[in-house]
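Spelled out, the chains give:
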Amino acid sequence: MMKNGHHAAEPCCEAGCGKAACSPEKRKRMVRLWCDGCYDMVHYGHSNQLRQAKAMGDYLIVGVHTDAEISRHKGPPVFTQEERYKMVRAIKWVDEIVEGAPYVTTLETLDKYNCDFCVHGDDITLTVDGKDTYEEVKRAGRYRECKRTQGVSTTDLVGRMLLMTKAHHSNLDNTDYQQHTDNFGKGATVHSPWTGVSQFLQTSQKIIQFASGKEPQPGDTIIYVAGAFDLFHIGHVDFLEMVNKQAEKSYVIVGLHFDQEVNRYKRKNYPIMNIHERTLSVLACRYVSEVVIGAPYAVGKDLLDHFKVDLVCHGKTEVFPDKDGSDPYSEPKRRGIFRVIDSGNNLTTDDIVERIIENRLQFEARNQKKEAKEIAVMEAMKRRAQQE
C-alpha cells in the first residue's frame, strides 16, 4: 500500500499483531525495484545494470518498451518487441517484466507496480524532444543510479558488424577500429561521454559477480553444450531453455570456444564479441549453471569424465569438422549421450548481421541523432554548473 509516494507500514508478522517484539526478519519488508529500457541487442552491459539494480533490493521488475515507442524516440530497433521481452526474461536477476512500458518513467508507473524506486545507469536517456526520461522520479527522490559498464554499447556492437574487422578480438590498439569508434555515430569534435566506446577489461571479480557459484547437486543431470554463443541472442536463449528442459533437474554447462577457434570455423570477422564478453553474456542467462572458458573444440573423453557429463546437446545448426576433419561429437555419440535439440528458432548471428547491414543508414542516422542530443544536454549541464 502506498502513502504519499511511499509504502505504508506493513504488519510485522503474518497475524498482523503489530507487536514491537517481533523479530527484525519479520519486520523486514520486501524492497521492490523498477528498471526500464529498450533492451535492444541485449549484451552484458544490460545484464550488469540489472545485476546491480537487483543488489539494491529484493524484487526486480523490468519494463520493456514497444517497437513503436523506440522508433518514435530513438529510431528503429534491431529486434522485435517479442524477441526483446523474451531476452530480458532470460536474464537471471529479473523477477518480472512489464511489456509495453512507457518510455518516460513516472511516479504513476512506480506506484502501479508497487515499486519503491527505479534504477538506471549513470548515462542519460532522452525523449524525442531531448528531455530526461527520469526527470519526474528524480525530483521525487525515487531514483537510484548504478555504474554504466565500460567497454560495451549497442552502438559499438553495431559498428563492429558494419566495419567487419577482427580488432575487437583483442584489446590491442588498432587504427581501423579506432577510426570506427570515431566515425560511427560521433560528432566531429565533441564526444558524448555516454555513447563513447572504451576498452573492456575483464577481471576475475566481474566473472564471480556473474557466476552462479552453484555446484551440481546429487540427482542433477549434467548437460554439456558448446559453441561460440556470439552476440548472445534470442536463438541462443530458446536453445538453452530447451536444453534445460531435457531433464527434471538440469545442470547446464556451456563450453565457449576461444576467438581463434571460432574464427577458424566461422571465418569472416567472427566472433563479433571476444571471449571475455561472450563469457559474461552466457553467465547472465538463467538457464546456464556454469561456463568453460576456452573449451576444446572436440568434446572428448577427458572433458566428459572431468565434468561427469550425462548428456551432450547441439542445436540444428551445422557442425563444423575439427582441424583434422574429424567429428567433434564422435565420443559422446559413441557413448550414446548425444542429442540434437530443435528449439524451433532458426535465428543465427549471421541473420543479425544481415539485419544491421540492411538497415545501415537508419542505424547510422539513429546514433548520430542520439549523440547530438547527448552533447546538447552535456553542454547545458556544464553551463548550469558554471553559473552555480
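Overview of the structure. Here the structure is a predicted model, which is why all the values come from computation and not from measurement.

Conventions adopted
Per chain, residues are indexed from 1 in the order of the written sequence. Only residues with pLDDT of at least 70 get local features here, since the model is predicted, and only at 80 or more are side-chain atom pairs given and counted; chain-wide, interface and lining totals rely on the full set of residues. Computation of side-chain values: all heavy atoms of the structure, hydrogens and water removed. Put simply, DSSP H or I for four residues or longer makes a helix, DSSP E for two residues or longer makes a strand, and each gets a number counted from the N terminus. Contacts were defined at the residue level, with two residues in contact if any of their heavy atoms lie within 4.5 Å. Between N or O atoms, a polar contact is any pair within 3.5 Å; within protein, one atom must be a potential hydrogen donor and the other a potential acceptor, and residues adjacent in sequence are included only when both atoms are from side chains. Throughout this description, buried means an accessible area under 20% of the type-specific maximum (1.4 Å probe, protein chains only), exposed means over 50%, and partly exposed covers the range between. One side-chain nitrogen of Lys or Arg within 4 Å of one carboxyl oxygen of Asp or Glu is enough to make a salt bridge.

Attention shifts here to the environment of His 43. Tracing the chain through its elements places His 43 in the loop between strand 3 (32-37) and helix 2 (44-54). Spatially, the C-alpha atoms of His 43 and Glu 277 are 8.4 Å apart, while their sequence positions differ by 234 residues. Each residue touching His 43, except ones within four places of it in the same chain, is listed here: Val 152, Ser 153, Thr 154, Leu 157 and Met 273. A polar contact of 3.0 Å, which involves the side chain of His 43, links it to the backbone nitrogen of Gly 45.

Bringing the environment of Gly 100 into the picture now. Following the sequence through the fold, Gly 100 ends up in the loop between strand 5 (96-99) and helix 5 (107-112). Gly 100 sits in the partly exposed class, given a relative accessible area of 37%. Along the chain, Gly 100 and His 65 lie 35 residues apart, while their C-alpha atoms are 4.8 Å from each other. The residues contacting Gly 100, other than those within four sequence positions of it, are Val 64, Thr 66 and Tyr 85.

Okay, unusual backbone geometry next. That bond from Tyr 270 to Pro 271 is cis: its omega, 0°, falls within 30 degrees of zero. With a phi angle near 50°, Met 41 is a residue other than glycine that sits in the positive phi range. Turning to its location among the elements, Met 41 is positioned in the loop between strand 3 and helix 2. Looking at Met 41, the relative accessible area reads 6%, which means it is buried.

What the rule picks out here adds up to 22 salt bridges. Note that Arg 139 is salt-bridged to Glu 135, the shortest N-O span being 3.2 Å. Linking Arg 139 with Glu 135, this pair stays in helix 6 (residues 135-139), spanning four residues, or about one helical turn. The exposure class of Arg 139 is exposed, given its relative accessible area of 64%. Three or more residues are tied together by salt bridges with common partners; here these are Lys 301, Asp 305, Glu 331, Arg 334 and Arg 335.

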